[in-house]
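The chain contents come next:
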Amino acid sequence: MPEGHRESFRAGVRVGIPIAAASLLVGISFGVLAEPVMGDVAPIVMSAIVFAGSAQFAATAVLAGGGGAVAAIVAGILLNARFLPMGIAIAPSVRGGVLWRTLTGQAIIDASWALANRGGGRFDVHYMLGATLVNYPAWVAGAAIGVFGSRVIGDPATLGLDAIFPAFFLGLLANELRGGLSIGAAGIGAAVALALTPFTPAGVPVLAACAGALLGLARR
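Residues numbered from 1 in each chain as written. Predicted model: local features only at pLDDT ≥ 70, side-chain atom pairs only at ≥ 80, totals over all residues. Heavy atoms only, no water.

Peer 1: For this particular structure, what's the right way to read the confidence of the model for the protein?
Peer 2: In regions of low pLDDT, the predicted coordinates are not meant to be interpreted in detail. For the protein, per-residue confidence averages 81 on the pLDDT scale, and residues scoring 70 or more make up 84% of the total. Taken element by element, the predicted model of the protein shows its lowest mean pLDDT in helix α10 (residues 164–176) (67) and its highest in helix α8 (residues 125–148) (93). (pLDDT = per-residue confidence, 0-100. Helix = DSSP H or I, 4+ residues; strand = E, 2+ residues; numbered from the N terminus.)

Peer 1: Sorry if this is basic, but what is going on with the pattern of salt bridges here?
Peer 2: Once their charged atoms are close, side chains differing in charge can pair, the charge on each being opposite to the other. Within the structure shown, the criterion is met by 4 salt bridges. When the shortest N-O distance is used, the salt bridge between arginine 10 and glutamate 7 registers 3.2 Å. One end of the pair, arginine 10, and the other, glutamate 7, are both in helix α1 (residues 3–38), 3 residues apart, so they sit about a helical turn from each other. Owing to a relative accessible area of 36%, arginine 10 belongs among the partly exposed residues under this scheme. The partly exposed category is assigned to glutamate 7, whose relative accessible area is 35%. (Salt bridge = Lys/Arg side-chain N within 4 Å of Asp/Glu carboxyl O. Buried < 20%, exposed > 50% of the residue type's maximum accessible area, 1.4 Å probe, protein only.)

Peer 1: Could you clarify how one ought to interpret a nonpolar patch on the surface in this entry?
Peer 2: Where nonpolar side chains cluster on the molecular surface, the patch consists of Val41, Val45, Ile49 and Val50 and spans about 360 Å² of accessible area. Mapped onto the elements, valine 45 comes out in helix α2 (residues 42–49). Residue valine 45 is classed as partly exposed on the basis of its relative accessible area of 40%. (Patch = residues over 30% accessible without salt bridge, like charges linked within 9 Å, V, L, I, M, F, W, Y side chains within 5 Å. Areas by Shrake-Rupley, 256 points an atom, 1.4 Å probe, with all protein chains shown as cover.)

Peer 1: Explain the packing of helix α3 (residues 53–64) against helix α4 (residues 69–80) here, please?
Peer 2: Any two packed helices are characterised by the angle at which their axes cross and by the distance between the axes. Where α3 meets α4, the axes come as close as 8 Å, and the angle between the chain directions of the two elements is 155°. For the element pair α3 / α4, the angle class is roughly antiparallel. As α3 runs across α4, the sense of the crossing is right-handed. Contact residues: α3 offers Ser54, Ala55, Ala58, Ala59, Val62 and Leu63, while α4 offers Ala69, Ala71, Ala72, Ala75, Gly76, Leu79 and Asn80. Split by residue class, the contact of α3 with α4 holds 10 nonpolar, 3 polar and no charged. (Axes fitted to C-alpha atoms, helices over the stretch in contact; angles between N-to-C directions. Parallel < 35°, antiparallel > 145°, perpendicular 65-115°, else oblique. Left-handed = near helix turned anticlockwise from the far one by under 90°. Contact = heavy atoms within 4.5 Å. Nonpolar A, V, L, I, M, F, W, Y, C, P; charged D, E, K, R; others polar.)

The following block contains the structure:
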């Protein structure tokens, strides 16, 4: 690996450490919530394979509410569909063969993808890989701690763990609100999501809110 790529990777690891701390806490919250619904093993396996907090929380909420496995899977798919445009956006910056590009795609998470964005359609891929590398074990370990410590931890809301997830994404959003166009897009997305939340299945409001990004076409 060239020195420039190594430095980008190391920088990604450094910036990913505080995010990994948040991932650990959110993972604990997920484990606590999922254990009564799925048992001891499934939440940990799900975290290791799916590695997508919002989709896992959505699927768990469906199951906890009495929904079936199909409904839970669909909810997770709807939320994870956002990775399709994210993958398309980063694809021109990924070099290498099919296997490397596929493995790189598995490293896309919201935080590392956003942090690796260099503007103008450019992404620092090795920076993203470094940030994701420290988040993955933190997320899986958090889920395991939550599962096996659920009887001790009790309700995560009493410790404020339930607030970490929305606060984290609000922090990412605040960093992107640099001008009138981005603020307008965020406002449209929020309005669409709020309007649809009471009437549509989990995941649909998030996908529909992406319509706010179309405001960016005004630049053309």
